Amino acid sequence: MTATAPAPAPSPDTKTDERLLKASPLKKLMGRPELGSVVGAIAVFVFFTVTADSFLQATSLATVLYAASTLGIMAVPVALLMIGGEFDLSAGVMVTTSALISSMFSYQMTANVWVGVLVSLLVTLAIGVFNGVMLTRTDPPSFIITLGTFLMLTGMNLGFTKLISGTVSTKSIADMEGFTSAKDVFASTITIGGVDFKITILWWLGLIAVATWILLRTRVGNWIFAVGGGEDAARAVGVPVAATKIGLYMGVAFGAWISGQHLLFSYDVVQSGEGVGNELIYIIAAVIGGCLITGGYGSAVGAAVGALIFGMVSKGIVFAEWNPDWFKFFLGVMLLLATLLNHWVRKRAEATK
Amino acid sequence: MARVQTGVRAVGAVLVAVLGVSLAGCSSTGGKRAEDARKAATAQGEAAVNTPNWTFGMVTHSGDGDTFWDIVQSGAKQAAVKDNIKFLYAHNAEAQQQAQLVDSYIDKKVDGIIVTLAKPAAMKGALARAKKAGIPVITVNSGSAESKEFGALTHIGQDETIAGEAVGEELNKRGKKKALCILHEQGNVGHEQRCEGAKKTFDGKMQNLYVTGTNMPDVQSSIEARLQSDKSIDSVVTLGAPFADTAVKAADSAGSKAEVATFDLNEKVAAGLKDGTLGFAVDQQPYLQGYEAVDLLWLYKYNDDVLGGGKPVLTGPQIVTKDQAAKLEEYAKRGTR
């Protein structure tokens, strides 16, 4: 699409190539992958505003945003990976691994906390590289490869922590050098108008911005879509398939690192058994946000909105004072409705093209 | 076609007959009717006080569908009815999620919060926020060491180490020499403390065995394998009531004579105590934990009372054996033990 030349007004009698037709802004909007999830998010928001008294107050919304951001920090890179056509089942425990490495390295070496944080970044990225290299060098699907990583990390989290600390959780690093500044970066609270917002919300927004920029404005973004849409075709036109996939796994690892550091610095100690099962929630958020499970389609903003829906539902149920026995059921209904709505909007958008 | 219709008619007639018989021939024991009778017996009652209708929220680290927490809730609800309290409950096994649930209750401006500190560090911030918002907090079940430090009014629960020590002593009393401690959740600090406490007071030898609590066949086969490989083990201690029965089955199929004892109580454990398949159980009385938490919060709001003088209020351990089994079975059935 050329931005310089103004498009000729499409009149009924001039026959132009349909590929060159300039879509109206409304049609362009309808074609966006995240539109369905945005509509779903608005529906969920209105629903809880009506049914839960305290949902709409600023502090409650800050809590909802926090819940969404802790999920969204992972859902965004996971969505990119899914657009690239792959899964990562190790994403949930990788968060715990990252926090454990950072905490235990600092403690055992009596190092400045920041040293542990950087070591953790390197190791976590290395896990991402491991996933990516294993995938691109061997034949099994990413589902199996990362399932293996998931199991290994789960075991290593418990095993190493018990071996090194003697207990199942790490020792507190709150009194160590560098802790305060690291806490400021990863787990501080920003007060705006008397309402406390967690810094994870900023990290989340930052990740959304970067991921969207990569996807829509860079060559790498084209590679990601190409790799997810058709690997062989992408390879044939010279897209570096292996490098792109390894990069995507490193992106997930980077998200896991941020989440892990947040866990560590907000709670001082890390429980080694946590994180299992969260990987599915990340994937669900991405799917609600319009990512196709088969790859090649989706957006970072959509995944973020998916995380927001999840945050609103999980906390909205508490605000609405519903019986928690039904929690999962309500969650399921909400997610299904959001996804169906999403699907319907997309179908209509494609039909009107 | 006609034959099909007669066939349908015949099936219908049989169904009607079966239904009629089953209606006429009611079971005189058990079933829904017995449950309803029990429920009527434990009448829900009306508020015994005319204090404002305060709202108390409880957030636990329970997973979905955990029987133990049903009993805690039933205690809390009974106290809430009596104290004219609106009782809210939420739970999540993941520490961060649990803390966020507490945040939600603070946002809702509840009048009191009851919370478990299974993963204490994760809850520290949430408790600080509650304090800042002027909402009194009582910790229950786990976290006796951190409760006061985090600014809670008091802690209600069982000290896991003390409970473990009670088990060690009971094993000594029964002349046991070699015991297995079955941990069904890797990474649970309270579980480790229970086994360590037992190890401390037990004169014989005690070994830990980790099993996957979410996978019963795995629990059974692991215990079975261990008992088969070491015939000198004469007692098995499980850390949760649902695992006691499995341990008994494992001992049976392994041909081991090991006596099974367990932490916590349920209907099946009570029955096992009664018929002698279980040695003893250590009850931390979850009903009390829920009941007392609500009642003490009410006392604090109404009368500024605090129980325990800053020290944890212990709800256990109570060692229960065959002697109390009949009564316990009845109470377990109605969901209060």
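Our subject is the structure that appears above.
Residues numbered from 1 in each chain as written. Chains lettered and ligands numbered in written order. Predicted model: local features only at pLDDT ≥ 70, side-chain atom pairs only at ≥ 80, totals over all residues. Heavy atoms only, no water.

A. Geometry of a nonpolar patch on the surface. All names here are of chain A. Residues V38, I42, F45, V46, V50 and L56 make up a contiguous nonpolar surface patch of roughly 510 Å² in combined accessible area. Along the chain, I42 falls in helix α2 (residues 35-51). Among the residues examined, I42 registers a relative accessible area of 52% and is labelled exposed. (Patch = residues over 30% accessible without salt bridge, like charges linked within 9 Å, V, L, I, M, F, W, Y side chains within 5 Å. Areas by Shrake-Rupley, 256 points an atom, 1.4 Å probe, with all protein chains shown as cover. Salt bridge = Lys/Arg side-chain N within 4 Å of Asp/Glu carboxyl O. Helix = DSSP H or I, 4+ residues; strand = E, 2+ residues; numbered from the N terminus. Buried < 20%, exposed > 50% of the residue type's maximum accessible area, 1.4 Å probe, protein only.)

B. The nonpolar core, seen in detail. Among the nonpolar cores identified, the biggest contains 107 residues, and F265 of chain A together with I113 and V115 of chain B are the most heavily contacted of them. When residues in this core are grouped by element, the largest group, 14 residues, is from helix α3 (residues 58-83) of chain A. The residues touching V115 of chain B, leaving out its near neighbours within four places in the chain, are V59, Q98, V102, M123, L127, V137, I138, T139 and V140 of chain B. If you look at the next biggest cluster of nonpolar residues, it comprises 28 residues, including V211, V219, A251 and A258 of chain B. (Core = buried A, V, L, I, M, F, W, Y, C linked by side-chain atoms within 4.5 Å. Contact = heavy atoms within 4.5 Å.)

C. The arrangement of the packing of α3 of chain A against helix α13 (residues 300-319) of chain A in detail. Residue and element names in this part refer to chain A. Running from N to C, α3 and α13 point in directions that differ by 145°, and their axes come no closer than 7 Å. α3 and α13 meet at a crossing whose hand is right-handed. Facing S60, V64, L65, A67, A68, L71, G72, A75, V76, A79 and L80 of α3, the residues of α13 in contact are A300, A303, A304, A307, L308, F310, G311, M312, K315 and F319. Here the contact of α3 with α13 is built from residues that sort into 17 nonpolar, three polar and one charged. (Axes fitted to C-alpha atoms, helices over the stretch in contact; angles between N-to-C directions. Left-handed = near helix turned anticlockwise from the far one by under 90°. Nonpolar A, V, L, I, M, F, W, Y, C, P; charged D, E, K, R; others polar.)

D. Representation of the pairing of strand β1 (residues 55-60) of chain B within the structure. Residues and elements named next belong to chain B. Of all six residues in β1, six are buried; the element is thus mostly enclosed. Burial along β1 is two-sided: the face carrying T55, G57 and V59 and the face carrying F56, M58 and T60 are both buried. In the sheet, β1 pairs with strand β2 (residues 86-91) via six bridges, with the strands oriented parallel. Within β2, the position partnered with G57 by the bridge is L88. Direction of pairing for β1 relative to strand β3 (residues 112-116): parallel, over a ladder of four bridges. Looking at the pairing, F56 lines up with G112 of β3. (Pairing = 2+ DSSP bridges.)

E. Structural context of the sheet that holds strand β12 (residues 318-320) of chain B. Residues and elements named next belong to chain B. An order of β7-β6-β8-β9-β10-β12 is seen for the six strands of this open sheet, with the pairing classed as mixed. Unpaired on one side and paired on the other, β7 (205-210) and β12 mark the two borders of the sheet. Strand after strand, the sheet turns through a mean of 20° between neighbouring axes, direction not considered. Relative to β12, strand β10 (residues 278-283) runs antiparallel, the two sharing three bridges.

F. Layout of the sheet that holds strand β4 (residues 137-141) of chain B. Residue and element names in this part refer to chain B. The six strands lie next to each other as β2-β1-β3-β4-β5-β11, forming an open sheet whose pairing is parallel. Edge positions in the sheet fall to β2 and β11 (313-314), since each has one partner strand and no second. Sheet strands touched by helix α3 (residues 67-82): β1, β2, β3 and β4. Its angle to β2, the strand with the most contacts, is close to 165°. Each of β1, β2, β3, β4 and β5 (155-157) is contacted by helix α11 (residues 286-303), which is oriented at about 165° to β4, the strand it contacts most.

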